[in-house]
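Examining the three-dimensional arrangement
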Amino acid sequence: MPLRIAIVGVGYSGFDSMTPGLSTRELMFEAASRAYEDAGVDPRKDVQSFICCTEDFWEGISITDEYMPDQLGAVLKPLCTISSDGIVGLATACMHIMSGIADVAVVESHSKISDVLNPDEISSFALDPIYDHHVNADPRFVAGLEMARYLKETATKRDYCAQVAVKNKKNALLNSRGVHGANLDKDAVLNSNVASSPLTELESSKTIDGSIVFVLASARKAKKLGDHTVWINGIGWSSDTPWIEDRDLAKAAYAEQSASRAYKMAGVRNPATFFDLAEVDDTYSYKELQSLEALKLAAKGKAGKMVESGTFDRDGQLPVNASGGSLGVGHLLEATGLHKMLEAVLQLRGQAGRLQIPRAKKAVVQSWRGIPTATGAVAVLGN
Amino acid sequence: MSQKITSYPGHEITPEDVKEGKYLDVVYKFEPKYSWAAGVAISRFLAELKEGRIIARKCMNCERILVPPRMYCEQCFRPTDEWVQIKDTGTVNTYSISHVGTDARRLKTPILVAVVDLDGATPGMGILHNLGEVEPSKIKVGMKVKAVWKSSSERQGAITDIRYFKPIGEE
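All figures in this text were calculated on a predicted structure; none of them were measured in a lab.

**So, the overall build of chain B**
Helix and strand counts for chain B come out as two helices and ten strands. Ordered by position in the sequence, the α and β elements of chain B form the string α-α-β-β-β-β-β-β-β-β-β-β. Computed over its C-alpha atoms, the radius of gyration of chain B comes to 23 Å, more than 25% above the 16 Å expected for a compact globule of 171 residues. For chain B, the C-alpha atoms occupy an extent of roughly 65 × 40 × 40 Å along the three principal directions. In chain B, which comprises 171 residues, the proportion classed as buried is 22%.

**Regarding the overall build of chain A**
Secondary structure summary: chain A contains 16 helices and eleven strands in total. Expected size for 383 residues packed as a compact globule is a radius of gyration near 21 Å; at 19 Å, chain A falls within 12% of this value. With the C-alpha coordinates aligned to their principal axes, the bounding extent of chain A is approximately 55 × 45 × 35 Å. By residue count, 58% of the 383 residues in chain A fall in the buried class. Summarising the internal contacts of chain A: among those between residues at least 6 apart in sequence, 77% fall at separations of at least 24.

**Considerations on the confidence of the model for chain B**
Model confidence for chain B is summarised by a mean pLDDT of 94, while 98% of its residues fall at 70 or above. Two summary scores accompany this predicted model of the complex, namely pTM at 0.95 and ipTM at 0.92.

**Some remarks on the sheet that holds strand 5 (residues 82-86) of chain B**
Residues and elements named next belong to chain B. The sheet built from three strands is open, its strands ordered 2-1-5 with antiparallel pairing. Each edge of the open sheet carries a strand with a single partner, namely strand 2 (65-66) and strand 5. In terms of strand pairing, strand 1 (residues 54-58) meets strand 5 through five bridges, oriented antiparallel. Across the sheet, the residue bridging to Ile55 is Gln85, located in strand 5. Sitting on the sheet, helix 2 (residues 39-50) is in contact with strand 1 and strand 5, with an inclination near 150° to strand 1.

**Some points on the packing of helix 8 (residues 158-172) of chain A against helix 13 (residues 285-294) of chain A**
Residues and elements named next belong to chain A. Look at helix 8 against helix 13: their axes get within 7 Å of each other, and the N-to-C directions meet at 100°. Judged by the angle between their axes, helix 8 and helix 13 are roughly perpendicular. Between helix 8 and helix 13, the residues in contact are Tyr160, Cys161, Ala162, Val164 and Ala165 and Ser285, Tyr286, Glu288 and Leu289, respectively. Here the residues of the contact of helix 8 with helix 13 are counted per class, giving seven nonpolar, one polar and one charged.

**Let's talk about the interface of chain B and chain A**
Taken residue by residue, the interface counts 19 residues in chain B and 26 residues in chain A. Top contributing element to the side of chain B that touches chain A by residue count: helix 2 of chain B, with three residues.

**Considerations on helix 16 (residues 336-349) of chain A**
Residue and element names in this part refer to chain A. The end-to-end C-alpha distance of helix 16 is 20 Å, a good match for the 20 Å that 14 residues give at a rise of 1.5 Å each. The buried count for helix 16 comes to 13 of 14 residues, which makes it a mostly enclosed element. Gly350 occupies a position one or two residues after helix 16 and carries a positive phi of about 75°.

**Considerations on the sheet that holds strand 9 (residues 144-149) of chain B**
Residue and element names in this part refer to chain B. Within the open sheet, the five strands sit side by side as 8-7-6-9-10. Their pairing is antiparallel. In this open sheet, the two strands that pair with only one neighbour each are strand 8 (126-130) and strand 10 (162-167). Sheet twist, expressed as the average angle between the axes of neighbouring strands with direction ignored, equals 35°. Note: strand 7 (residues 106-118) against strand 8, five bridges, orientation antiparallel. Bridge pairing in strand 8 links Asp117 to Gly126.

**Notes on the nonpolar core**
Residues and elements named next belong to chain A. Among the nonpolar cores identified, the biggest contains 151 residues, and Leu90, Phe214, Val215, Leu216 and Ala379 are the most heavily contacted of them. Top element by residues in this core is helix 1 (residues 24-39). It accounts for eight residues. Apart from the residues lying within four places of it in its own chain, the contact partners of Leu90 are Val107, Phe214, Leu216, Ile232, Ile235 and Ala379.

**Description of the environment of B:Ala121**
All names here are of chain B. Structurally, the position occupied by Ala121 is in the loop between strand 7 and strand 8. On the basis of neighbour counts, which here come to 23 C-beta atoms within 10 Å, the residue Ala121 falls in the buried class. When the C-alpha atoms of Ala121 and Thr160 are compared, they prove to be 20 Å apart, with 39 residues separating the residues in sequence. Filtering out sequence-adjacent residues up to four positions away, Ala121 remains in contact with Ala56, Ile65, Val67, Ile86 and Gly126.

**Description of helix 5 (residues 86-98) of chain A**
Residues and elements named next belong to chain A. Its 13 residues place the ends of helix 5 18 Å apart at the C-alpha level, agreeing with the 18 Å of an ideal helix rising 1.5 Å per residue. Residues Gly86, Ile87, Val88, Gly89, Leu90, Ala91, Thr92, Ala93, Cys94, His96 and Ile97 constitute the buried set of helix 5. Of the residues one or two after helix 5, Gly100 is the one with positive phi, at around 90°.

**Topic: unusual backbone geometry**
Note: most residues except glycine have negative phi, and most peptide bonds are trans. The step from A:Ser197 to A:Pro198 runs through a cis peptide bond, and the omega angle for that step is 0°. Examined against the element boundaries, A:Pro198 turns out to sit in the loop between strand 5 (194-196) and strand 6 (199-200). Of the consecutive residues B:Val67 and B:Pro68, the connecting peptide bond is found in the cis state with omega at -5°. You can see B:Pro68 is positioned in the loop between strand 2 and strand 3 (72-73). The backbone phi angle of A:Ala155 is positive, close to 55°, even though this residue is not glycine. Mapped onto the elements of the fold, A:Ala155 is located in the loop between helix 7 (141-154) and helix 8. A residue is classified by how many C-beta atoms lie within 10 Å of it, and A:Ala155, with 8 of them, is exposed. Of note, B:Glu63 is a non-glycine position whose phi angle comes to about 65°, a positive value. By the secondary structure assignment, B:Glu63 is in the loop between strand 1 and strand 2. With 9 C-beta atoms counted inside 10 Å, the residue B:Glu63 sits in the exposed group.

Reading guide: rules and limits
- Residues numbered from 1 in each chain as written.
- Chains lettered and ligands numbered in written order.
- Predicted model: local features only at pLDDT ≥ 70, side-chain atom pairs only at ≥ 80, totals over all residues.
- Helix = DSSP H or I, 4+ residues; strand = E, 2+ residues; numbered from the N terminus.
- Rg over C-alpha atoms; globule rule 2.2 N^0.38 Å.
- Buried ≥ 20, exposed ≤ 12 C-beta atoms within 10 Å, placed from the backbone.
- Contact = placed C-beta atoms within 7 Å.
- pLDDT = per-residue confidence, 0-100.
- Pairing = 2+ DSSP bridges.
- Axes fitted to C-alpha atoms, helices over the stretch in contact; angles between N-to-C directions.
- Parallel < 35°, antiparallel > 145°, perpendicular 65-115°, else oblique.
- Nonpolar A, V, L, I, M, F, W, Y, C, P; charged D, E, K, R; others polar.
- Expected span 1.5 Å × (residues − 1).
- Core = buried A, V, L, I, M, F, W, Y, C linked by C-beta atoms within 7 Å.

See below:
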């Protein structure tokens, strides 16, 4: 039997380069208010568990979990913070519901990156302090290392990566949340400044502010809550070794593991033909190719060619990041997974507006925690 | 160590050992920088402090007057409704006399920390601040106090625009 946890409400705020008018907490209140309205729940009465996905250094406040209850309606209610991507938070909410601790659980994650004046200092600080921290460069050098190894091992053509950025930035032009949408060609992407070779600036997603809230419910409870339920049928998450030097830099092994668990749970046997859409990690251009192969949506080394031939376009055989993804919309730190989930949920509800993929019924969503991590999560959704 | 225990097993590392490099470590000074957006409620609160006033928000549902002000009521989970000017006088809810600084050293002059319930706010709501112009031994829970402000030219829209709270006689 596949997993059957209902997504009964979603809400978001922000999706802008800066949100100087609102505090993090006010941004969260806005997203939470919308999600509760969407679900038809009162957080003071109907919710038994609240989960936030945040990281203290991004917040600039230690033990940041303590500052989460008020704006979510969670004062004197069970709340915990998980310092990981939002999809890991959803997995925790699923467990709370399956165990009977909660009928209704809420998951929030956000980015208030505009409050951080030197984000590179924080990413660099995530490198092993003794073994790796000596490299005094923009931390995207790790992405450059992965990309070079991926291109070499899969014999993928360099400009296929650029095509990912072209596709996603173009998709984002149709998305009201798409901060970094643009109509570019491959040359523009390839000729933009090199961040850390072979990766260029236009192949790197840019961070934005935003808060996203999900309301989850048991199947029994979901019957009473609205008529636009989307189901989580499988979920998985995984972390590889932190040693950059020792893990397989050519592939996203964490995504492969997460997907195989989520697929098994959901009963997905042939992922390449099973889904109507996919929202996968595209923090950097090559990451989308790596992720598609890890998720078995493309054979090893074939993702680039398929992107080039239009298989993953919005009107292609399997639309991938039809929303614009992180390259087109923007990167939301630990809320990136919830952003991808949000886009997939709107698609499966038929509420994606100009982005709508006809007859979308099944979706796969995948996220990565960013440099220098090797942690990711996958969710299988159906309506 | 105690009367019964005069030494612990193992080898004690002395400051000299560290100086001589017998034990290796890596030193790094982490320097993240932030510029927190104060938001709608706290921005107004700070702007009012600059004018020498304290402002709160009222929730019409539970009728509480909230300070520090917030744009949402955490009990009712709804937006708050209006700004309310409250007084710069109040009552010491609790206090503590701190003898240890942030660097763990003993302080020559102790720091007088108090939670002050502000007049005009819902009872039990107020401000965490320092006390001044008072002998530590004379501080009492329930004591009436009043804000001592910096001069208007010194105020910059910060919680420290109030220097401290000092005792006032019962009215």
